[in-house]
Protein chains: 2
Amino acid sequence: MALTKTPVKGMKDILPEEMAVRDYAIALIKETYKTFGFTPIETPCVEHIGNLTSKQGGENESLIYKIMKRGEKLSLEGVSSPDELADNGLRYDLTVSLCRFYANNLDKLPNPFKALQIGNVWRADKPQKGRYRQFTQCDIDVLGESSMLAEIELITATSTLLGKLGFSGFTVRLNHRRLLKAMALSCGFPQESSEKVFIILDKMDKIGPEGVSTELIAAGLPPGAVEDYMGFFRPRADESLLERCAEKLLHLSGQAGGGNDGGGSALAEEAAGAGETTDAGDTAGDAGEIAAAVEDIRTVMACIESVRESIPADFRLVFDPTLVRGMGYYTGPIFEISLKEFGSSVGGGGRYDRLVGSFTSLQAPACGFSIGFERIISVLMDKGFTVPSPEKKIAFLAEKGLDKEELCAMLLEAGRLRGEGQKVLVAAKSKNGKHQREQLEKDGYTEVRSFNHSR
Amino acid sequence: MALTKTPVKGMKDILPEEMAVRDYAIALIKETYKTFGFTPIETPCVEHIGNLTSKQGGENESLIYKIMKRGEKLSLEGVSSPDELADNGLRYDLTVSLCRFYANNLDKLPNPFKALQIGNVWRADKPQKGRYRQFTQCDIDVLGESSMLAEIELITATSTLLGKLGFSGFTVRLNHRRLLKAMALSCGFPQESSEKVFIILDKMDKIGPEGVSTELIAAGLPPGAVEDYMGFFRPRADESLLERCAEKLLHLSGQAGGGNDGGGSALAEEAAGAGETTDAGDTAGDAGEIAAAVEDIRTVMACIESVRESIPADFRLVFDPTLVRGMGYYTGPIFEISLKEFGSSVGGGGRYDRLVGSFTSLQAPACGFSIGFERIISVLMDKGFTVPSPEKKIAFLAEKGLDKEELCAMLLEAGRLRGEGQKVLVAAKSKNGKHQREQLEKDGYTEVRSFNHSR
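Just so we're clear, the structure is a prediction, and the values are computed from it rather than from any experiment. (Residues numbered from 1 in each chain as written. Chains lettered and ligands numbered in written order. Predicted model: local features only at pLDDT ≥ 70, side-chain atom pairs only at ≥ 80, totals over all residues. Heavy atoms only, no water.)

**Student:** It is not clear to me how the overall build of chain A should be interpreted in this structure. Could you clarify?
**Tutor:** When helices and strands are counted, chain A shows 13 helices and 14 strands. Reported as C-alpha extents along the three principal axes, the dimensions of chain A are approximately 100 × 65 × 50 Å. Looking at chain A alone, contacts between residues at least 24 apart form 70% of all its contacts between residues at least 6 apart. With the model as given, the accessible surface of chain A reaches about 18,300 Å², and the carbon-plus-sulfur share is 51%. (Helix = DSSP H or I, 4+ residues; strand = E, 2+ residues; numbered from the N terminus. Contact = heavy atoms within 4.5 Å. Areas by Shrake-Rupley, 256 points an atom, 1.4 Å probe, with all protein chains shown as cover.)

Structure representation (structure tokens):
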């Protein structure tokens, strides 16, 4: 009855060496995020299939591991599609479950609620190097906070964490869904072309402005509008990308100025908060909303710059009008962190003020940041990172001939050292002593003591 | 499009208060077991359905969450049972996956290998108070160690852990599968009645010796043999249960003595190690094997008694000839820890020298101990246990009217305190200030600072 000794396709066993790095990173993540007031919570890995297939998850919904009904409910009778046999699935991210959790436990949670989740998610993706079908996600989210404090705290906390993990020289890119949409609409792109435009815009760092321009025209968008659109990404020498975007949008929407005089409240609530506007209702024309979005970005950038000295990492913070982020549920600022050691982003997030409302009549503002846990671990492993360990690791090797008293004396000494917090491995001495010693050294045991029969 | 806000049936959301206790317990478990040389590993939650339904898991195999095939492999055509649509399942324990892991990664692991696993398992059991369909297990196992050092280390480590978690007054009960079988056979019970006998014997602490005796006779076992059998559990005043068992078994098998003179090796390898005997071949008659099993129990008990001073808990260690343990895969010593605060056992385990062999041609001795993680957490929660926290928790509340400079100054101060390791929550001041303060106090924020617009 030979069973299968390899893991299921696309999943992996985690060996001691990698596990040590993961445990170290998780402890540092928890310790760091807790100083920012984030609180660990956990949701079940298994979720209602209806919650997972509600069109919030984009492409991920086609990658769900579906779980079969059980007992009497599981019957082939009258079934025309296998999907009818599934009642649950494994979650593909932590955000859907978080919103369900928040809606379900609202009366027991503080307001705002700052959640930290570290957990496994599953996607039946094509297996490829470094990408697995079970992987760990690490999310922080602020629920119930409509002001930009949420964005500021999320970005500050994550930058601090990356610094503590030894990363530096990364770039935090910031955009706003409302500006992203307004830029496309203001140039005269038809509203229904938005998704198409964003997919092309998202390639900016790969194909450059000429490439984007060419593809937009090839996709059937009017060349004049495309030329106008590209102007957003070409600031004058004395102008920042944010100024360029603000000026051009406010000019187009017929309102001059819109800058901040520095004396207003920095903690305005998001103008297009939960449910106040819908995607269909977005227009390029609302100058007030555009000015508010620009001001939000200014606030976030100024505040993060001002706390830079408390963040143990060297990083750039930029407004990037080409940042898109795939998930359709974002409603406000969006952000992403990139690092040259990584092929792509090391984390990202944004504001999603309408997702909680799909679970309950209550609308609640929400904003989250997810870091690429598996990528961080693989970069640390590739770097040859070893976990700092202050303790000495000692191995006690017992010869087979030891009598009971000798064995007890050895165990007592091991117990004494363990009581002091030292790590003591007790093992029978193997026949191939040299090989055993080499293995122990490789394993970090700096001291090996043999216990032999003395009589 | 209202989604479902409650968790799936039988599973639960873990709120911050419980999560803090769980995180504390997990950190203490890892810290303690690491001093004994155990190394954390992880296996996927998803396992081959064939590995889960190989008759090793007893009753648990009927409780598996089955996962459907995906893509082209998922078709109703020619399917006569829904089971044919499943290729994977969620693991119901950590032992099956551990053996698969060990067989798969043998060349990369030290020998012996001491594994620590903390992970979720799933069983579609009838939901009831305190029992959930997703729950965390915590196992330590020693693989590749045939001597009693494995049992000694497992029991010492787990007793130490329970002491550190604040438990005391527990009882470690010890038995040996070979003695358990020999006792039944030596009285003349037919071999095929063993399972029936053990199910009744297992009720000893509930129905007492008279109850067991009555049920055995009612089950059709010969009254004379039953009377003889009950003699194992009634030692003379000057006799321990282990002496009683040893003397009676060795007398019946025709060999006198068999005691240990104290000078022999305490680290003999398990006589009936991996694959050397099979269940079918067990007889009551092999006096050598019985003497070895008795000696094993003596060694384990003597060694644990000798290190008692290094274990921070008051506990009893007893030989209990009525201890059965359900799983069919045990081959040697078995053990269980009971505690009056718990309805039933707080953990248990034993030697399973043949399980690794079902994954690979290699036979490897193995022994494990699983603690009842969820029960420990629920007792701690019921006790009102709060996690010791040396840090001060400070809340910074920002008034909506703050301007950007004031907001930045507040964030900078928060960053400075966080850099010192303090926990600082930054939140917008809510309209109901009194309620917010009360909530923060309940949450452990001992200091609350308000930041108001000063101009």
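**Student:** Which parts of the structure should I look at to understand the side chain of S213 of chain B?
**Tutor:** Counting through the fold element by element, S213 of chain B comes out in helix α7 (residues 204–218). Those residues in contact with S213 of chain B that lie beyond four places of it in its chain are V226 and M230 of chain B.

**Student:** Looking at this model, I keep getting lost on the relation of the copies chain A and chain B. Mind explaining?
**Tutor:** One chain copy maps onto the other through a rotation about an axis and a shift parallel to that axis. Between chain A and chain B, the superposition needs a rotation of 180 degrees and an axial shift of 0.0 Å, giving an RMSD of 0.0 Å. Accordingly, the operation relating the two chain copies is best matched by a two-fold axis. Residues of chain A ranked by C-alpha distance from the rotation axis are headed by I67 of chain A, positioned 2.2 Å from it. The share of interface residues of chain A whose copies in chain B are also at the interface is 100%, consistent with both copies meeting through the same surface. (Least-squares fit on C-alpha atoms with pLDDT ≥ 70 in both.)

**Student:** Help me understand the packing of aromatic side chains in this model?
**Tutor:** Aromatic rings in a pair are described by how distant their centres are and how their planes are angled relative to each other. Residue and element names in this part refer to chain A. With the rule as written, the count across this model stands at 22 aromatic pairs over all chains. On the numbers, 6.4 Å between centres and 20 degrees between planes, the contact of F101 with F113 is stacked. Here F101 is found in helix α3 (residues 95–105), whereas its partner F113 is found in strand β5 (residues 113–122), with twelve residues between them in sequence. Residue F101 is classed as buried on the basis of its relative accessible area of 0%. (Phe/Tyr/Trp six-rings, centres within 6.5 Å; stacked < 30°, edge-to-face > 60°. Buried < 20%, exposed > 50% of the residue type's maximum accessible area, 1.4 Å probe, protein only.)

**Student:** What exactly am I supposed to notice about the pairing of strand β7 (residues 170–176) of chain B here?
**Tutor:** Within a regular beta strand, the side chains point alternately toward one face of the sheet and then the other, so they alternate between its two faces. Residue and element names in this part refer to chain B. Here β7 lies mainly inside the structure; seven of its seven residues are buried. Across the two faces of β7 the burial is the same, with F170, V172, L174 and H176 and T171, R173 and N175 all buried. Relative to strand β8 (residues 315–319), β7 runs parallel, the two being bridged by five bridges. Within β8, the position partnered with T171 by the bridge is R316. Examined bridge by bridge, β7 and strand β9 (residues 333–338) share six bridges and lie antiparallel to one another. Each residue of the ladder has a partner; that of T171, found in β9, is S338. (Pairing = 2+ DSSP bridges.)

**Student:** I keep staring at the side chain of N105 of chain B and nothing clicks. Help me out?
**Tutor:** Within the secondary structure, N105 of chain B sits in helix α3 (residues 95–105). Since its relative accessible area comes to 5%, N105 of chain B is described here as buried. There is a polar contact of 2.9 Å between the side chain of N105 of chain B and the backbone oxygen of F101 of chain B. Other than its neighbours up to four places away in sequence, N105 of chain B contacts D13 and L15 of chain A. (Polar contact = N/O pair within 3.5 Å; in protein donor to acceptor, adjacent residues only side chain to side chain.)

**Student:** Would you take a moment to explain the packing of helix α5 (residues 177–186) of chain B against helix α9 (residues 241–252) of chain B for this structure?
**Tutor:** Axis angle and axis distance: for two packed helices, these are the angle between their axes and the distance between the axes, and together they describe the pair. All names here are of chain B. Packing of α5 against α9 brings their axes to within 10 Å, and their N-to-C directions diverge by 55 degrees. Overall, the two elements α5 and α9 adopt an arrangement that is oblique. The handedness of the crossing between α5 and α9 is left-handed. Residues L179, A182, M183 and S186 of α5 lie in contact with α9, whose contacting residues are C245, L249 and L252. Grouping the amino acids of the contact of α5 with α9 by side-chain chemistry returns six nonpolar, one polar and no charged. (Axes fitted to C-alpha atoms, helices over the stretch in contact; angles between N-to-C directions. Parallel < 35°, antiparallel > 145°, perpendicular 65-115°, else oblique. Left-handed = near helix turned anticlockwise from the far one by under 90°. Nonpolar A, V, L, I, M, F, W, Y, C, P; charged D, E, K, R; others polar.)

**Student:** Would you explain helix α1 (residues 16–35) of chain B in this entry?
**Tutor:** Given 3.6 residues per turn, any residue in an α-helix points the same way as the ones three and four places further on. Spanning 20 residues, α1 of chain B covers 29 Å between terminal C-alpha atoms, matching the ideal 28 Å at 1.5 Å per step. A positive phi of about 85 degrees marks G37 of chain B, the residue just after α1 of chain B. (Expected span 1.5 Å × (residues − 1).)

**Student:** Please clarify how the pattern of salt bridges should be interpreted in this entry.
**Tutor:** Close approach of charged atoms allows side chains of opposite charge to pair. Counted under the stated rule, the structure contains 64 salt bridges over all chains. Among the salt bridges present, the one from R70 of chain A reaches D87 of chain A, with a minimum N-O distance of 3.2 Å. Residue R70 of chain A is found in the loop between β3 (66–68) and β4 (86–90), and its partner D87 of chain A is found in strand β4; the two are separated by 17 residues along the sequence. Notably, a salt bridge pairs R351 of chain B with D353 of chain B, separated by 3.1 Å at the nearest N-O pair. For R351 of chain B, a relative accessible area of 0% puts it in the buried group. Among the charged side chains, a salt-bridge network with shared partners connects K392, E413, R416, E420, E447 and R449 of chain A. (Salt bridge = Lys/Arg side-chain N within 4 Å of Asp/Glu carboxyl O.)

**Student:** Whenever I open this one, unusual backbone geometry confuses me. Can you help?
**Tutor:** Excluding glycine, residues mostly carry a negative phi; peptide bonds, for their part, are mostly trans. Cis peptide bonds are those with omega within 30 degrees of zero, and the linkage from N111 of chain A to P112 of chain A qualifies with 0 degrees. Inspection of the secondary structure assignment puts P112 of chain A in the loop between α3 and β5.

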